[in-house]
Structure formats: C-alpha cells, structure tokens
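Breakdown of the fold
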Amino acid sequence: MNAKYSRYLGLDIHRNYIMVGGVDADQRVVMVPRRIQLCRFDEWAAKELRPTDAVVLEATTNVWPCYDMVKPWAGEVVVAHVAQMKLIASAVVKTDKRDTLILAKLLAANLIPPVWVPPQPVRELRSLLNHRRHLVKQKTMAKNRLQGILFRHNLFPPDGGLFGQEQRTWWEQLPLNQVERFRARQDLETLDALTGQCQQLDQVLAQLSVQEPWREQMPFVLQMSGIGMVSALTILSAIGDIRRFDDPKKLVGYAGLGARVHASGQTHLGGAITKQGRRELRTILVEAAWVAVNHNLYWGEQYARLARHKGAQKAITIIARKMLVTLWHLLTKRQVDRHTPPTVIARAFLKWASDYRLATSLGMTRVAFVTQSLATLGLPTTLAPAVVAAKDRRPVRQ
C-alpha cells in the first residue's frame, strides 16, 4: 500500500450499520471504531473521508453500494476477498470493533487479498442472470411437485410435453382427490406465471446482448458449440474483463475447474476439482460441454476418448475445462474457433438474431445481422444469405 496515505480505514459492513475504524502507517489507532447507520453512511463518507485515506471493505452482499459511496471521497478503496481474509485474520475473540481494526491494520501492512471490482454493466447483468436462475429453480420445483403427484398415484403421463398447454385437459381429468387436484392446479398456474416471467427476462437479456460492452464480445463466445445467448452472457458476466487473466490457467482456477493438488516432500497427490470460484461459470460450462460432445465432432471424439478411461463425469469436467481454455484464447486473441465449422457458426448467429427478434429491434434484416457478426470474426460474409435461405427453405438469390 502506498505510503502517501495518512489513514487506513476498515469498514465492517452489516445489514443496518457499518463499523468504521482506522490506523496510521505505524499501526496506531487514529479512528476509534464506531457504528454508522447505513441510512447516514453516504453523509458520513462525504464529510469524513479524505483523498489521503485508504479504505478496505469485505466482499459481502451489499458491498457494491457501499463501495460506490466511498469511492468518490477516498484515495484508494480495496474490496477484500472474504475466504482468504478468514485464513489471514482468524481469531478466537471476534467483535465488530476488533474486526474493523484488523481490516485497517491488514490494509496498512499491505496484506489485503483484493477482489476485482466489476463495473456497473457487469453488476447489472450478474443481477439479472442471478434472478433468472432463481426463476428457473422455482420452475423446476413446481415441475417436481407435479411429477410427485403422478408418482404417488401411479399415473403415467401421455407422450409429448407434460407441462404444455395442450396437456391441461389431461391434468384436469386425472382421478385425484380434491386436495391433490387443488395442488396440481396451483402448481400449473405457478408454472405458467414463471414461464412468462422467464420469457420477459430472456427478452431483456437479448437486448443487452446487442448493447455495449457485450455486443463486440458475444460473437467470439457464441461461435463455440454448446453455447447459446443466455450461456454466453453468463460466461461474459462471470469473466468480466478477460484482460484480468494473463494466462488460461488463472481463468480455470477462477472457475474452480482446476484440480486440487497436495505436494509436500515426497508426496504429490492430485484430486478432484477445487470448486472454488464463480459457481455459475463452472455450471454453465459443464452444461455447454454436454451439448458440445453431442453436436460437435471434435468435442465428441475428445469426450469418447476420455470417458473410456476416466468415466463420464470426470470426462465431461475435463471437456468443460478445455472449452474454458479455448474461450480464453478466443476472447484474448480474438480468434475463430477452428473446431466449429463456419456454417455452424453462421447458424448460431442466425438463431441469436431470430429467437428474440434482435435484427428487427436494431432495424436490420437477419442477413445483415448475421453478416455483421461473421465480419467480426473475419469469416466469409457470403455464408449469411445461405444460412438464412436454408432456414426459410427457399432458394438463394444469385
């Protein structure tokens, strides 16, 4: 930490208040810990903080609003990595005042493990995607309850979609008692409401995908097999700025897809993946890997070779890790994915344009939208009219 700072302040954030305390460069207490109510914290920050102050906050649920209030007034603001802080500052006696001073002293000693501070567009996109995951989880719970009713009564569903509108008459005619019928009707109504909310949210996400800072990056992610619009946004929001990772191994570790290692003396053991890092990035890559191995020849062959020796689950985890390394190269070097045929990439761009009427919303034709996306990758733009014509099943105009 730069010696130009006269005070090193620690902020221990709670639900309704923030405990504030500070030390100088020699670890002497210059601000006795005190409690500031959150409703008055912005006023306190503007009045008390100075450009010669360095401030540290722990990464908690409400850290970013507090960070935004502190940033304009302090000389430097650091957000501490909570998990690593526990290893450094674990104590038997724990109070708000002690925690605040420990934060300040670690900051003065330059021992704070910082986290990256995402800009506002990344925070907003992460928030929307987190909301979408909650909606999908609730949909799954409603479907599981409905499946449970069928299981309890030994009822077998008809062919086709079980929860579509075309099956509602079938659900209403099931031989259920009054209570079970009521539960089934409410779960179906819940499912309809959640489906509508997910569709509205996906439309909002689609519009964000063609706005900065995502529009330029989207083609480089969407070109990979197994990745759709929502998956691409999830990956980009989790990564943030790809320049943070100067090596693909760091990105793999950030996703928690790296192997555990115990190396000491004559002992060297490798284990399962660490699962430490952005969970949503790790989850979406495994989901994308399953799609890729079933639809892409290269990834399918890789998976088949690995599965023979390691089993299905370990093999798909390795494929997910390899796909993340490939993504690092695509985003960092702005390359074309050599494992995906250009025609398949063009069809992925057409799906992006068509499913959410993005081309229309931008005042473009689908051909123009696909052409622009192909040009971003440096691929032949002549593919655009062909894939659009093939989707519409009409001849290409010469």
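Presented here is an overview of the structure given in this document. Throughout this description, residue numbers start from 1 for each chain and increase along the sequence as written. Totals for whole chains, interfaces and linings use all residues, but because this is a predicted model, local features are given only for residues with pLDDT of at least 70 and pairs of side-chain atoms are given and counted only at 80 or more. Working from all heavy atoms in the structure, the side-chain values ignore hydrogens and water.

Time to look at the overall build of the protein. Secondary structure is summarised from DSSP: a helix means a run of H or I of at least four residues, a strand means a run of E of at least two, and numbering begins at the N terminus for each. From N to C terminus, the protein includes 17 helices and 7 strands. Across its three principal axes, the protein shows a C-alpha extent of roughly 75 × 60 × 60 Å. Partly exposed residues are those whose accessible area sits between 20% and 50% of the maximum for their type, while under 20% is buried and over 50% is exposed, using a 1.4 Å probe and protein chains only. Sorting the 398 residues of the protein into buried and exposed places 42% on the buried side. Taking the contacts inside the protein whose residues are at least 6 apart along the sequence as the reference set, 58% of them involve residues at least 24 apart. Whether two residues touch is decided by their heavy atoms; if any such pair falls within 4.5 Å, the residues are in contact.

So, about the sheet that holds strand S5 (residues 76–80). Strands sit in the order S3-S2-S1-S4-S5 across an open sheet of 5 strands; the sheet is mixed. Strand pairing shows two members of the sheet lacking a second neighbour, strand S3 (29–37) and S5, which therefore form its edges. Taking each pair of neighbouring strands and ignoring which way they run, the sheet shows an average axis angle of 20°. Each pair of strands is called paired provided DSSP finds at least two bridges between the two strands. Pairing of strand S4 (residues 53–58) with S5 involves 5 bridges; the strand directions are parallel. Bridge pairing in S5 places Leu-57 opposite Val-79. Axes here refer to lines fitted to C-alpha atoms; in helices the fit is confined to the stretch in contact. Angles between the N-to-C directions go from 0 to 180 degrees. This element, helix H4 (residues 96–108), spans strand S1 (7–13), strand S2 (17–23), S3, S4 and S5 of the sheet and lies at about 45° to S2.

Attention now goes to the packing of helix H14 (residues 342–355) against helix H16 (residues 366–377). Here H14 crosses H16 at 130°, and the two axes come no closer than 9 Å. Comparing their axes, H16 and H14 come out oblique. Viewed along their axes, H14 and H16 form a crossing whose handedness is right-handed. On H16, the residues that touch Ile-345, Ala-346, Phe-349, Leu-350, Trp-352, Ala-353 and Ser-354 of H14 are Arg-366, Phe-369, Val-370, Ser-373, Leu-374 and Leu-377. In what follows, roughly perpendicular refers to angles from 65 to 115 degrees, roughly parallel to angles under 35, roughly antiparallel to angles over 145, and oblique to any angle outside these ranges. Each helix crossing is assigned a hand: it is left-handed if the near helix lies turned anticlockwise from the far helix by less than a right angle, otherwise right-handed if that turn is clockwise.

Turning to its location among the elements, Cys-66 is positioned in helix H2 (residues 63–70). For Cys-66, the contacting residues outside a window of four places in its chain are Ile-13, Ile-18, Leu-38, Phe-41 and Leu-57.

Two elements, S2 and S3, share 6 bridges in a ladder whose sense is antiparallel. For Met-19, the partnering residue across the bridge sits in S3 and is Arg-35. Between S2 and S3, which pair antiparallel in sequence order, lie 5 residues; one of them, Gln-27, sits at a positive phi of approximately 70°.

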